[in-house]
Amino acid sequence: MKKVIITAIVLGLMSGVAQAASYEYSYKQCKDIMKQNPPEINIVYNYGDLVYDNSKNAEELVELFKEVEPNHEANNIYGLTALSPHISMKTTVQYDNLNSGRYCFYPRTIDIKVWYEPKVYILNSLKIGSCRFNVTVRHEQTHLDFGHHALPIFAGIIKKELPQIINDVGPRVESDNNSDENLAMVAQYLNQDYHKQIEVLFDEFKEGLDEQNALIDSVENYQEENLLCQD
């Protein structure tokens, strides 16, 4: 009886090793298929429709500033630019039958969109056309210029990095059938895996944008701007 149990355990281990080796072979097949059929990558960026808002009083503007710039002190806020960057990704998947009871799923198209929802707030007590109003608008437009300059650069970085991300994530080998439901599920899994890595780049982009904007939000720059107007 003991010998039978040991034999069963050994056979079970051998079966597990064989299955693992079989899966590794299927995965290698699948990765080769994916390499021969690279996905179509579409990256678009949009600056958004700029909105000006001069309805906020000083207290409301300070509260908005604290939300947008939590790491900066809010004093004498005349204006505020909220670029509100966003990113979305959509992946479509194709499958091939590996003739081993498994299917190879890999991306066919990856569509990425990066965009702003820009809004410029101007203190409602500033008289339109006054020196202080004009200086404030010019200051906020500089923030917009930084955002416009950064967005296509970021799109280029994604385009450069995404093929390596796709290779690192790899395809998926599944034993399930090739139903529409399974295709949608695999597409969702791959999309989530890509998005996690793109989010790292997106966070770096936002940090870089904050650092760039901080250059003109310095105490020294505000002091120089304040000297330009007497009103």
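Look up a bit, the structure's there.
Residues numbered from 1 in each chain as written. Predicted model: local features only at pLDDT ≥ 70, side-chain atom pairs only at ≥ 80, totals over all residues. Heavy atoms only, no water.

Caption draft 1: Up close: the nonpolar core. One finds Ile87, Ile112, Phe154, Tyr194, Ile198 and Phe205 to be the most contacted residues of the largest nonpolar core, which totals 49 residues. Elements that contribute at least two residues to this core include exactly α1 (2–36), α2 (58–68), β3 (79–82), β4 (86–97), β5 (103–115), β6 (119–122), α3 (131–169) and α4 (180–214). Looking at this core, the element that brings in the most residues is α3, giving eleven residues. Discounting residues that sit within four places of it in the chain, isoleucine 112 has contacts with Asn42, Ile43, Val44, Ile87, Ser88, Met89, Ile158 and Leu162. (Core = buried A, V, L, I, M, F, W, Y, C linked by side-chain atoms within 4.5 Å. Buried < 20%, exposed > 50% of the residue type's maximum accessible area, 1.4 Å probe, protein only. Helix = DSSP H or I, 4+ residues; strand = E, 2+ residues; numbered from the N terminus. Contact = heavy atoms within 4.5 Å.)

Caption draft 2: Representation of the pairing of β6 within the structure. As paired elements, strand β2 (residues 51–53) and β6 share three bridges and run parallel to each other. What sits directly across from valine 51, in β6, is lysine 119. As judged from the four bridges shared by β3 and β6, these two strands associate in the antiparallel manner. Residue pairing for β6: threonine 81 is matched across the bridge by valine 120. (Pairing = 2+ DSSP bridges.)

Caption draft 3: Representation of the pattern of salt bridges within the structure. Evaluation of the coordinates by the stated rule reveals five salt bridges. Across the pair glutamate 174 and arginine 172 runs a salt bridge, and its minimum N-O distance is 3.2 Å. Arginine 172 sits in the partly exposed class, given a relative accessible area of 25%. (Salt bridge = Lys/Arg side-chain N within 4 Å of Asp/Glu carboxyl O.)

Caption draft 4: Focus on the sheet that holds β3. Pairing in this open sheet of three strands is mixed, and the strands run β2-β6-β3 from one edge to the other. Looking along the sheet, the strands with just one partner apiece sit at the ends: β2 and β3. Put simply, the sheet's adjacent strands are angled 15° from each other on average, direction ignored. Packed on one face of the sheet, α2 meets β3 and β6 and runs near 35° to β3. (Axes fitted to C-alpha atoms, helices over the stretch in contact; angles between N-to-C directions.)

Caption draft 5: Representation of a negative patch on the surface in the model. Residues Glu161, Glu204, Glu207, Asp210 and Glu211 make up a contiguous surface patch of negative charge. For the negative patch, the element with the most residues is α4, which contributes four residues. The exposure class assigned to glutamate 207 is partly exposed, which follows from its relative accessible area of 48%. (Patch = residues over 30% accessible without salt bridge, like charges linked within 9 Å, V, L, I, M, F, W, Y side chains within 5 Å. Areas by Shrake-Rupley, 256 points an atom, 1.4 Å probe, with all protein chains shown as cover. Lys, Arg positive; Asp, Glu negative; His and termini not counted. Charge placed at Lys NZ, Arg CZ, Asp CG, Glu CD.)

Caption draft 6: Fine view of α3. For α3, spanning 39 residues, the distance from its first C-alpha to its last is 55 Å, which sits close to the expected 57 Å at 1.5 Å a residue. Taking the largest bend as the criterion, α3 deviates by roughly 35°, centred on glutamate 161, and proline proline 163 comes between one and four positions later. Positive backbone phi, approximately 75°, marks glycine 170, located one or two places after α3. (Expected span 1.5 Å × (residues − 1). Bend = angle between axes of the 7 residues up to and from the residue.)

Caption draft 7: How the structure looks around the state of the cysteines. The final tally for this structure, using the stated rule, is two disulfides. Across the disulfide from cysteine 30 sits cysteine 104; the S-S distance is 2.0 Å. Measuring the twist about the S-S bond at about 80°, one finds the cysteine 30-cysteine 104 disulfide to be right-handed. Here cysteine 30 is found in helix α1, whereas its partner cysteine 104 is found in strand β5, with 74 residues between them in sequence. Owing to a relative accessible area of 0%, cysteine 30 belongs among the buried residues under this scheme. Cysteine 104 gets classed as buried once you look at its relative accessible area, which sits at 0%. (Disulfide = S-S within 2.5 Å.)

Don't take any of this as a statement about function, it's just geometry.
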